[in-house]
Structure formats: structure tokens, C-alpha cells
Amino acid sequence: MADGHLFNNILLGGRTGTNLGQFKVHSGGLAWKRQGGGKTIEIDKADLTSLTWMKVPRAYQLGVRIKDGLSYTFIGFREQDVSSLINFMQKNLGISPDEKQLSVGGHNWGGIGIVGSMLTFMVESKQAFEVSLADVSQTQIQGKTDVLLEFHVDDTTGANEKDSLMDMSFHVPTSNTQFPGNENRTSAQILWEAILARADNGSGSSGEAVVTFEGIAILTPRGRYAVELHLPFLRLQGQANDFKIQYSSILRLFVLPKSNNPHTIVVVTLDPPIRKGQTLYPHIVIQFETDTVVQKNMKLSRELLDEKYKDRLVESYQGLVHEVFVKVLRGLSGAKVTRPGSFRNYKNGYAVKSSLKAEDGLLYPLEKGFFFLPKPPTLILDEEIEFVEFERHGAGGASMSSQYFDLLVKLKNDQEHLFRNIQRSEYRNLFNFINGKGLKLMNLGDGQGTSGVTDVLQDTDDVAPDPHLERIKNQAASSEDSDEEDEDFVLHKDDGGSPTDDSGGEESDASESGGGKQSSKMEARSSKPPVKRKPKGKDGEGSGKRKPKGMDGEGSEKRKPKKKKDPNAPKRPMMPFMYFSMAERAGVKGSNPDLAPTDIAKKLGEIWQKMSTEDKQPYILQSQADKKRYEKESAAYRAAAPVDVDAGSGNGSD
């Protein structure tokens, strides 16, 4: 490469385990990216302080130290890589790597060197091992000659893959010349003070939390926890679980408000994830009450704030609880914070309601990806996406509703995420946002241009129908066939007739439940005047015997045969309640699997009656659009239909 060198299968080593990835050295610095995505480490040339080479079993190791005292170890270089890398680093980075020797004699007696946050144990000028003092949770003196170090327990899977270092003890005799003692302090005390000054072990050796948030609701892993923020790690302490997470495992923080909801979600994204049983949790989803105001004082010394956390933390915070939490966690961990971007849904919120893997949740379209919450929390970065495809709801099965659509996200690794049951009213804003990000859009059908997506979402005739939804449609159509003459109905002069579709978008409770027209017919029938029967005559006239239907007689009228409905006639529009039933019946049935179909219909009616006008508006608009469709098709049907001269003759002949 002209700009640098790229090396595969390079391990990032540390106390919490090793991770495989790609290492790149270029004129601007160093970079390492984990294989399969995840953590990326970038080191600018200006931040480098030293580079060291070391021959380790079966490979070479590169040690990198930067200005803030941190150190990185990269393992897996081949012998032929050493000379080319040394020459490139000398020429482009201006640093010549030093070579170090590894002690393999197995001696446990030597000297200690402390540089920055790294403690190195040397045996005859050769390195035996190296530990990071940033991982020390507690340090104390045992007796007069021993110094004990205890390391943080890390509950991420990176720490669980292999054995982890828990504690270490150094014996420092009074005759030690590297840390000479006096009458007031022993050699062990001098070493302990040197370690304590550099160890990131909370407020002294007590391990007290910097700040604590009590009774916080965490959605994954589910439970209520006390969230303790220490200097080197985050602790989640619950009744049944206790997690300790190093800040180095935190990749990013997400602050995502819920639309029209008094809660705000804060997501802590981890790499590697924590484990509970056999379940991995790469995202900690925390839910805060949005309007709760707190005041928190940092349990840190003035010197530590000025020296290490200057411009990152202050002595006291006051404000909304989720904002205080994010500010303190960002200051301690250095993680970046992501908030919602320019996307707004049709109600001016930040997310759209959808479902993933049979779980309902919120899909947040972000500037650089998508985040589905709360369960299963799924983060999709734009750089991982191969294409995005809008689908009509139920395109892959029997269920279908024109009120909803699905969103398919195909990743470059052939993995797919299908976000279902997105309201049709969200389509325009979501499509414009995705299209504006430059993501590849795939449309169903011909796939010619963006208009194809809208056409597909509107066209639902070629999809296999849901039998239940078809039954609802047929019932709705039959209940609205009020233009057919009722053989027992006689319009009373005071009767205003049954309600029709022209009554407006807001339907009455009776018409919404499907029984409004039947009630009107029953009222009209009961308004007919009573019929007086004549006494029997000898000739049978006026005897009260009913004559067969269709026969003429004195005072009788011949009945007209019932008009058969033309199967080619356009389908009548459905009322808003019917659209609501089609959209929500599956959810009600899923929540109440033991309910009978009649009870489910009754429950849907109860839900509809309690809905506000604003909530009913999408179904009302859909009904109005369907009505316009019916009027247009009816006009075309009447214009094309031939005139039947015998249709009104009333003789019933063929």
C-alpha cells in the first residue's frame, strides 16, 4: 500500500482477553479494527510516546504507549513484518521502535518499573510481565512488607473467555534499594503510594462510587438496579444480578426519547457484551422518567477533578435524571453520545411503531443507522446495509392490510431484519429520510423508480386474502346494501331512514359496531300500523287466510322478485371501524387467545369507543379514500352497464 501497511489476524491483547482484527499503520498514525465489526482503535501520530517490539511465542508483539498514559499491545506479527514496519514507522511517524527482551527463566524475583499507568516486572533487565494500573480496584498493605493489588471483575464475555487476573501480591523487604524506606515509612509503603497515585481505583482504596442512581428501571437485562458509576467501571447491582463493566468496553451512548411518552431511553452499547446465563447483552437499555429532576454531587477530590477530569466532570450536577446520568458516564468513560437526527414521524416524534421477531417496539431512524428498541435491541449501521426494501404488509403471508407496510433491511452479510406493522401514515417521512441518506432502495414488482414503492403499497388485490378479513369485508358490504328493497319494510312518514355513508367521517357507536342499520330497520318495522283481520265468510273471502306469495287478490299487491346483485359491481366502501378491526384483531386475539370470536369483536368495539378522534383519524381517512374509490368505480360501472328494459317491468319473466 502506498499510504501504509495492513495486517490481518492481529490480536489486541489485554487483561480482559484478546480480540482478532486488522492492524493498519499509515502516515497519520495507527488503527486497529475488530474482525466482524465492533470496537475500532485509532491512534493519532501526535499522541504516540513510544513503540516497542518484543519476540513472544510463535509471533512478535508491538507495544504502543500514548500521552494520556494508556498502553496497547498488538500480537500476531510475523518475523518478515518487523523490518518493513520499523522502516515505515521511522520514515512516516518519526519514531523508532525499541526492542525489548522477554524473560523466560521463570524467576519471581526482580524489579518494578512504573511508566504512566503501566507496571512492569523486570528480571535481569528483561520483561517478565506487565499490568495496567487502570485495572486495579483496590490496593493495600499487608503487614509491613507486602503490597496487595486487587483487579476489577469484568462481567463482559471478553473476560469470561479465558482466565482473568484477580489479585497480585508483591513482597518488598526492608532492605529494598529501589524503594528505600526510612523510620517513618517502609519500602512497601513507598511502593504502595506509588501504585496508589497511578491506580484508577475510585476514591482511594475504599472503592466508593463516584455517584449512584437508585431504583433505575433497566429493560435489558430486565430488572431494577442501583447504577453505580465508579472511576474505572460501571456497576449494575440488582436483587438477583450484579454486573461490573469496564469503561473500556463501552462503545457509545444513545439518548432516545419516546414519542408522546413520559420516558426517555438511554442505551449503553458494549463490546464485548455482558452475559446472563446463555444470553448475551450487547446493549444495556435503561429507561428514565423524562421529567424527573435530580441533583448529584461527585465524590471526587478537587485535585483529581482538575488534573484528570478537567473539562469532563464538575463537582455537582442538577437537571433531568437521564441528562445527568449521560453527562457523568460520558465524562468517566469518554464514550460518544448519539441522539435522534433530522427524522420526524407524522406526529413529530423520533421513532415509528413497528414489530421485530413478534416483539412490538420502536424503530429509531438515525443519521448513521437504525435502532430498534426495547426488545430485542437491534442496532444496524448504514455501512452494514446492502439495501432497504419497502413491502406491503403481509406480502410474505396471508395477513394483509393496506393501513400498514413492512420495511426489510438486508445486510451485506446476507442477514435480514424485517420491521413489520408500520402505519401507512409513516411511509412518506420514512421513505424521504432513507432516500435522503443515499441508501440503496429495492422496490417490489418492476422496481422502476421510487413511484413503484407507492404503487405496490397501494395495490393489494393480488395478495392471498385472509379469510377472516374477507368475512369482515363481506359483512360490511352486506350491512350497507340498503338500496335493495326490504320485502317487509314500509317507510313511515315520520321515519327519517337509516344512516348512510354520507353521514360523515365520525360514525355513531351503533353504526361502528355493525348494528346501526339493523336497528333502523327494526324501528321502521315496528312503526307499521296494525292490520285488522276481517271475520271469516262462507265463501272464504275475508277469512283471514293468507294467499300464496306472488298471487293477485283484492287489496293485495304482487311482490317484486328480489334483485340479484351483479358480481361485477364495485365493492361498497367500508366504515372506519371495519378498518380498525382488520388492523387490530390479530393483536387483540394474541393478547387474549382464549376469547371467542364474538368476544373479540365486542372487545374491539369497546376499544373503538374509547379512542379519541385523533386516534380514529387514520381509519376515517382510509374510509373516506375508499368511499372516493367506490364513487369513481360506480360511475364507471353505471356508464358501462347496458340498459335492461325488462328490469323494472315487475312481471318476473325472463
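Residues numbered from 1 in each chain as written. Predicted model: local features only at pLDDT ≥ 70, side-chain atom pairs only at ≥ 80, totals over all residues. Heavy atoms only, no water.

So the rule is basically this: UniProt positions are given in the numbering used here, feature names are shortened, and annotations may be inferred rather than shown by experiment.
An unreviewed UniProt entry lists the protein under the name FACT complex subunit SSRP1, with Triticum aestivum given as the organism. The protein has a UniProt comment under Subunit (unreviewed entry) that states "Component of the FACT complex, a stable heterodimer of SPT16 and SSRP1."

Description of the pattern of salt bridges
In plain terms, the rule: By salt bridge we mean one thing: a side-chain nitrogen of Lys or Arg within 4 Å of a carboxyl oxygen of Asp or Glu. Helix and strand assignments follow DSSP, with helices taken as H or I runs no shorter than four residues and strands as E runs no shorter than two, numbered in order from the N terminus. Working definition: with a 1.4 Å probe on protein chains only, accessible area under 20% of the residue-type maximum means buried, over 50% means exposed, and in between means partly exposed.
All told, the structure shown has eleven salt bridges when counted by the stated rule. Measuring nitrogen to oxygen at the nearest pair gives 3.0 Å for the salt bridge that ties Arg302 to Glu315. Of this pair, Arg302 sits in helix H4 (residues 302–307) while Glu315 is found in the loop between H4 and strand S23 (316–320), placing the two residues 13 residues apart along the sequence. When its relative accessible area of 39% is taken as the criterion, Arg302 is described as partly exposed. Salt bridges here are not isolated pairs; linked through shared partners, they connect Glu228, Arg235 and Asp242.

Observations concerning the sheet that holds strand S10 (residues 118–123)
The following threshold applies: When DSSP locates at least two bridges between a pair of strands, those strands are taken to pair. Angles run from 0 to 180 degrees between N-to-C directions of axes, and those axes are lines fitted to C-alpha atoms, restricted for helices to the stretch in contact. It only takes one pair of heavy atoms within 4.5 Å for two residues to be counted as in contact.
Taken in spatial order, the three strands of this open sheet run S9-S10-S11, and their pairing is antiparallel. The open sheet terminates on both sides in strands that have one partner only, identified here as strand S9 (111–115) and strand S11 (126–132). Going from strand to strand, the sheet's axes swing by 25 degrees on average, the running direction of each strand aside. The pairing of S10 with S11 spans six bridges and is classified as antiparallel. Following the sheet pairing, Leu119 is matched in S11 by Val131. Helix-sheet contacts for helix H3 (residues 187–198) involve S9 and S10, and the interaxial angle to S9 is about 25 degrees.

Topic: the environment of Ile265
For Ile265, the position within the fold is in strand S20 (residues 263–276). Residues Ile265 and Phe254, eleven residues apart in the sequence, show an inter-C-alpha distance of 7.9 Å. Excluding residues that lie within four positions of it along the chain, Ile265 makes contacts with Phe254, Val255, Leu256, Lys258, Val285, Ile286 and Leu373.

Looking at helix H11 (residues 576–591)
For clarity, the threshold we go by: Any helix carries an expected span of 1.5 Å times its number of residues minus one. One axis is fitted to the seven residues ending at the residue and one to the seven starting there. The bend at that residue is the angle between these axes.
Helix length check: H11, at 16 residues, gives a terminal C-alpha distance of 23 Å against a target of 22 Å (1.5 Å per residue), a fit within 8%. Along H11, the helix axis deviates most sharply at Glu584, where the bend reaches about 45 degrees. For H11, the full list of buried residues reads Pro576, Phe577, Met578, Tyr579, Phe580, Ser581, Met582, Ala583, Arg585 and Val588.

Looking at the nonpolar core
So the rule is basically this: Only buried residues count toward a nonpolar core. Its members are Ala, Val, Leu, Ile, Met, Phe, Trp, Tyr and Cys residues joined through side-chain atoms within 4.5 Å.
In this structure, Phe213, Val227, Leu229, Ile284, Phe325 and Val328 are the most contacted members of the largest nonpolar core, which totals 40 residues. Of all elements in the fold, only strand S15 (211–220), strand S16 (223–229), strand S17 (233–238), strand S18 (242–246), strand S19 (250–257), S20, strand S21 (279–289) and helix H5 (321–333) reach the threshold of two or more residues within this core. Tallying contributions element by element places H5 first for this core, with seven residues. Setting aside its immediate chain neighbours within four residues, Ile284 contacts Ile218, Thr220, Leu236, Ile245, Val266, Val267, Val268, Leu270 and Ile274.

Some details on the pairing of strand S27 (residues 369–373)
Taken residue by residue, a regular strand's side chains alternate between the two faces of the sheet. S27 sits mainly inside the fold: five of its five residues count as buried. Here S27 shows two buried faces, one formed by Gly369, Phe371 and Leu373 and the other by Phe370 and Phe372. With five bridges connecting them, strand S26 (residues 359–366) and S27 associate as antiparallel partners. Opposite Leu366, over in S27, you have Gly369 as the bridge partner. Here S26 folds back onto S27 in antiparallel fashion, the turn holding two residues. Of the pairings in the sheet, the one linking S27 to strand S28 (residues 378–381) comprises four bridges and is antiparallel in character.

Section: the sheet that holds strand S24 (residues 336–338)
Within the open sheet, the eight strands sit side by side as S18-S17-S16-S15-S21-S20-S19-S24. Their pairing is mixed. Whereas interior strands pair on both sides, the edge strands pair on one side only; in this sheet they are S18 and S24. Going across the sheet, the axis of each strand differs from the next one's by a mean of 30 degrees, ignoring polarity. Across three bridges, the pairing between S15 and S21 is antiparallel. Bridge pairing in S21 links Ala217 to Gln287. Across the sheet, H5 lies against S15, S16, S19, S20, S21 and S24, angled at about 165 degrees from S19, the strand it touches most.

A short note on H3
Applicable threshold: Here the arc refers to the set of directions running from the helix axis out to each C-beta atom.
In this model, H3 (twelve residues) spans 17 Å end to end at C-alpha, consistent with the 16 Å of a helix rising 1.5 Å per residue. Listed in full, the buried residues belonging to H3 are Ser187, Ala188, Ile190, Leu191, Ala194 and Ile195. Projected onto a plane normal to the axis of H3, the buried residues spread over an arc of 165 degrees and lie on a single side.

Some points on the confidence of the model for the protein
Spelled out, the test is: For every residue, the predictor assigns a confidence score, pLDDT, that lies between 0 and 100.
When pLDDT is averaged across the protein, the result is 75; 71% of the residues are at 70 or more. In this model residues 396–400 is a low-confidence stretch, pLDDT under 50, and it forms twelve contacts with partners more than four residues away in sequence or in other chains.

Focus: unusual backbone geometry
A negative phi angle characterises most non-glycine residues, just as the trans form characterises most peptide bonds. Cis peptide bonds are those with omega within 30 degrees of zero, and the linkage from Leu373 to Pro374 qualifies with 5 degrees. Along the chain, Pro374 falls in the loop between S27 and S28. Of note in the backbone geometry, Ser125 takes a positive phi value of approximately 65 degrees without being a glycine. Overall, the relative accessible area of 67% leaves Ser125 in the exposed class. One non-glycine residue with positive phi stands out, namely Asn421, at about 60 degrees.

Structural notes on the packing of H11 against helix H13 (residues 613–640)
For clarity, the cut-off: An angle below 35 degrees is treated as roughly parallel, one above 145 as roughly antiparallel, one from 65 to 115 as roughly perpendicular, and anything else as oblique. Handedness of a helix crossing follows the sense of rotation of the near helix relative to the far helix, less than a right angle counterclockwise being left-handed and clockwise being right-handed. Residue polarity follows a fixed list, in which Ala, Val, Leu, Ile, Met, Phe, Trp, Tyr, Cys and Pro are nonpolar, Asp, Glu, Lys and Arg are charged, and the others, Gly among them, are polar.
Across the interface, H11 lies against H13 with an axial gap of 8 Å and an inter-helix angle of 120 degrees. Between H11 and H13, the angle is such that the two are oblique. For the element pair H11 and H13, the recorded crossing hand is right-handed. Between H11 and H13, the contacting residues are Pro576, Tyr579, Phe580, Ala583 and Glu584 on the first element and Tyr619, Ile620, Gln622, Ser623 and Asp626 on the second. Looking at the contact of H11 with H13 residue by residue, the class counts come to six nonpolar, two polar and two charged.

Quick look at the pairing of strand S31 (residues 416–423)
Direction of pairing for strand S30 (residues 404–411) relative to S31: antiparallel, over a ladder of six bridges. Each bridged residue has a counterpart across the sheet, and for Tyr404 the counterpart in S31 is Gln423.

Observations regarding the packing of aromatic side chains
What counts, and what does not: Stacked, edge-to-face and tilted labels apply to pairs of Phe, Tyr and Trp rings (six-membered ring for Trp) whose centres lie within 6.5 Å, assigned for plane angles under 30 degrees, over 60, and everything in between, in that order. We count a charge as sitting over a ring when the NZ of a lysine or the CZ of an arginine lies within 6 Å of the ring centre and within 35 degrees of the ring normal.
For the structure on display, the rule yields 22 aromatic pairs. Centroid distance Trp53 to Phe77: 5.6 Å. Interplanar angle 80 degrees. Geometry classified as edge-to-face. Of this pair, Trp53 sits in strand S5 (residues 48–56) while Phe77 sits in strand S7 (residues 71–77); the two residues are 24 residues apart in sequence, bridging distant segments of the chain. Residue Trp53 is classed as buried on the basis of its relative accessible area of 4%. Residue Phe77 is classed as buried on the basis of its relative accessible area of 1%. Ring centres of Phe577 and Phe580 lie 6.3 Å apart, and the angle between their planes is 40 degrees; this geometry places the pair in the tilted category. In this pair, Phe577 and Phe580 are both assigned in helix H11, three residues apart and thus about one turn of the helix distant. Summarising the burial analysis for this pair, Phe577 and Phe580 share the class buried. The ring of Tyr60 carries Lys55 above its face, with NZ or CZ at 5.6 Å from the centroid. We note Lys296 situated over the ring of Phe213; from NZ or CZ to the ring centre the distance is 5.1 Å.

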